[in-house]
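So the chains spell out like this:
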Amino acid sequence: MDILIIYQFCSFGGVERVVLNRTKTFRKYSQDVRVTIGYLQDLGALSSFQAYIKANDLGGAISAFLINPNSLPALDRYDFVFNIDTPQIFEATRYAGNMVMECHTPYVENRQYLKNLPPNIHSVIVPSHAFKSLVLGEFPKLPPVFVLPNPVSEEFFSIPVSKEKKFYTKKPLAYLARLDKLKNFTEATRIFELFKKDENVMFAVAGRGAEDTNLLSEYEAKELLGKTFLRDRIDFDDVPAYIRMIKNHGGIFISPSTGESFGLSAAEFISAGVPVLLSDIPPHRELVNEDERFIYQLGDIASANNKIDGIFERWEDDSKTVEGYGRKFDGTSFIQAWQDFLNAQK
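Keep in mind that this is a model prediction, so the values were computed, not measured.

Undergrad: What is the right way to read the packing of aromatic side chains from this model?
TA: Aromatic ring pairs are defined here through the distance separating the ring centres and the angle between the ring planes. Per the stated rule, a full pass over the model turns up 20 aromatic pairs. Considering the side-chain rings of Phe-253 and Phe-269, the 4.3 Å spacing of their centres and the 15 degrees angle between planes classify their relative orientation as stacked. Residue Phe-253 is located in strand β11 (residues 252-255), and its partner Phe-269 is located in helix α7 (residues 264-271); the two are separated by 16 residues in the primary sequence. In this pair, the class of Phe-253 matches that of Phe-269, namely buried. One aromatic cluster is present, formed by Phe-26, Phe-80, Phe-82, Phe-146, Phe-334, Trp-338 and Phe-341 through successive ring pairs. Across the ring face of Tyr-78, the terminal group of Arg-77 is positioned such that the distance to the ring centre comes to 4.7 Å.

Quick look at the structure:
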């Protein structure tokens, strides 16, 4: 089976990671699926994406390149064409009979295109049951909506704790996401400030904007800069190493996000056995099986403080707990959902 995925830009984001994880999961479960992904624009991540393909010997399973929305490849040579949040190609694909829409964007303004789907789009795919409920509430007249849960690649599972690979003397509170309003980095900073005088805690921030001069100035003024690791981008192949570093130092991943379609970064930390503290939104609850130890109410940073203290105290037990929750991301659920989707198309 040959599938084409079209996405508007290539960045160091969740959609790109989803495509790579899916491809590895197809191979792991011996699925005869070859993936081609065409990006409309490279935001600086395409070379890293292609390097990951080469490093993981995926060349026979996936290829990635830039495409012109006005000169698309021949769509009829593919079994399916998946359009991920890219309404720019609606006109160019209006007559293709193999089109499937995928909605992954947690930004409400960016999914308004669902109001005006072309009639040739016969199915919509979303990554979680919580997000399906949200989307159907916003757009009740959609074609059939299928949940295709995001798998996590095998390198995130069973990461051992290695005391020999410690670089720091402190335990990190880790953040991995864009530093924007929806991801709620402002609240992450407020939580960090609660631990500013704790000599046993440091902060690790990775995401677009982490090396911005304004942020550096803000963190210096807040007296946070001296105990914060900042990284503007992490190549696709380096994310497991970042998570391994957090785990080796007994760290915690935090996400105060106000909206997610799935929460792939959190799922990767969970799969690796790194305890998490997540904002109380439905996709996050789905990730941790509704376990209140790993959920806090948005805005209630006092509660976040108390829960982080508790996780640090129980770190080894909580690590084993979340690792158990992470088993649902091993690809089994994805393959079953994929088969269900294919069967529904017959």
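Undergrad: What is the right way to look at the sheet that holds strand β3 (residues 62-66) in this model?
TA: Each strand in a sheet pairs with its neighbour through backbone hydrogen bonds, running either in the same direction (parallel) or in the opposite one (antiparallel). An order of β3-β2-β1-β4-β5-β6-β7 is seen for the seven strands of this open sheet, with the pairing classed as parallel. Unpaired on one side and paired on the other, β3 and β7 (145-147) mark the two borders of the sheet. When strand polarity is set aside, the average angle formed by the axes of neighbouring strands in this sheet is 25 degrees. Here five bridges tie strand β1 (residues 2-7) to strand β4 (residues 80-84), and the two strands are oriented parallel to one another. Its bridge partner lying in β4, Tyr-7 is registered against Ile-84. Where helix α1 (residues 14-28) meets the sheet, it contacts β1, β2 (34-39), β3, β4, β5 (99-102) and β6 (124-126), and its direction lies at approximately 165 degrees from that of β2.

Undergrad: Help me understand helix α5 (residues 213-221), please; the structure alone is not making it clear to me.
TA: Here α5 starts with a cap whose side-chain oxygen sits 2.8 Å from the backbone nitrogen of Asn-214, and that cap is Asp-212. A positive phi of about 60 degrees marks Glu-223, the residue just after α5.

Undergrad: Sorry, what's going on with the sheet that holds β11 here?
TA: Here six strands make up an open sheet; going across it, the order is β10-β9-β8-β11-β12-β13 and the pairing parallel. If you trace the sheet from one side to the other, it starts and ends with β10 (228-231) and β13 (295-296), each paired once. As paired elements, strand β9 (residues 201-206) and β10 share four bridges and run parallel to each other. What sits directly across from Ala-204, in β10, is Phe-229.

Undergrad: What is the right way to look at the nonpolar core in this model?
TA: The nonpolar side chains of soluble globular proteins are, as a tendency, buried together. Membership of the largest hydrophobic core comes to 58 residues, with the highest contact counts inside it found for Leu-173 and Tyr-242. Residues in contact with Tyr-242, not counting those within four places in the same chain, are Ala-174, Tyr-175, Leu-176, Ala-204, Val-205, Ala-206, Phe-229, Ile-234 and Phe-269.

Undergrad: Looking at this structure, I do not really get the state of the cysteines. What am I missing?
TA: Each disulfide consists of one covalent bond between the sulfur atoms belonging to two cysteines. Inspection of the entire model under this criterion finds zero disulfides. Among the cysteines around Cys-10, which has no disulfide bond, Cys-103 carries the closest sulfur, lying 19 Å off. Judged by relative accessible area, Cys-103 falls into the buried class, the value being 0%.

Undergrad: Help me out: how do you make sense of the pattern of salt bridges in this one?
TA: A side chain of one charge can pair with a side chain of the opposite charge when the charged atoms of the two come close. Summed over all chains, the structure comprises 21 salt bridges. Notably, a salt bridge pairs Arg-34 with Asp-2, separated by 2.8 Å at the nearest N-O pair. Here the residue Arg-34 occupies a position in strand β2, and Asp-2 occupies one in strand β1, the gap between them amounting to 32 residues. Judged by relative accessible area, which is 31%, Arg-34 ranks as partly exposed. Note that Arg-17 and Glu-268 form a salt bridge whose closest N and O atoms lie 3.4 Å from each other.

Calculation rules
- Residues numbered from 1 in each chain as written.
- Predicted model: local features only at pLDDT ≥ 70, side-chain atom pairs only at ≥ 80, totals over all residues.
- Heavy atoms only, no water.
- Phe/Tyr/Trp six-rings, centres within 6.5 Å; stacked < 30°, edge-to-face > 60°.
- Helix = DSSP H or I, 4+ residues; strand = E, 2+ residues; numbered from the N terminus.
- Buried < 20%, exposed > 50% of the residue type's maximum accessible area, 1.4 Å probe, protein only.
- Lys NZ or Arg CZ within 6 Å of the ring centre and 35° of its normal.
- Pairing = 2+ DSSP bridges.
- Axes fitted to C-alpha atoms, helices over the stretch in contact; angles between N-to-C directions.
- Contact = heavy atoms within 4.5 Å.
- Polar contact = N/O pair within 3.5 Å; in protein donor to acceptor, adjacent residues only side chain to side chain.
- Core = buried A, V, L, I, M, F, W, Y, C linked by side-chain atoms within 4.5 Å.
- Disulfide = S-S within 2.5 Å.
- Salt bridge = Lys/Arg side-chain N within 4 Å of Asp/Glu carboxyl O.

Don't take any of this as a statement about function, it's just geometry.
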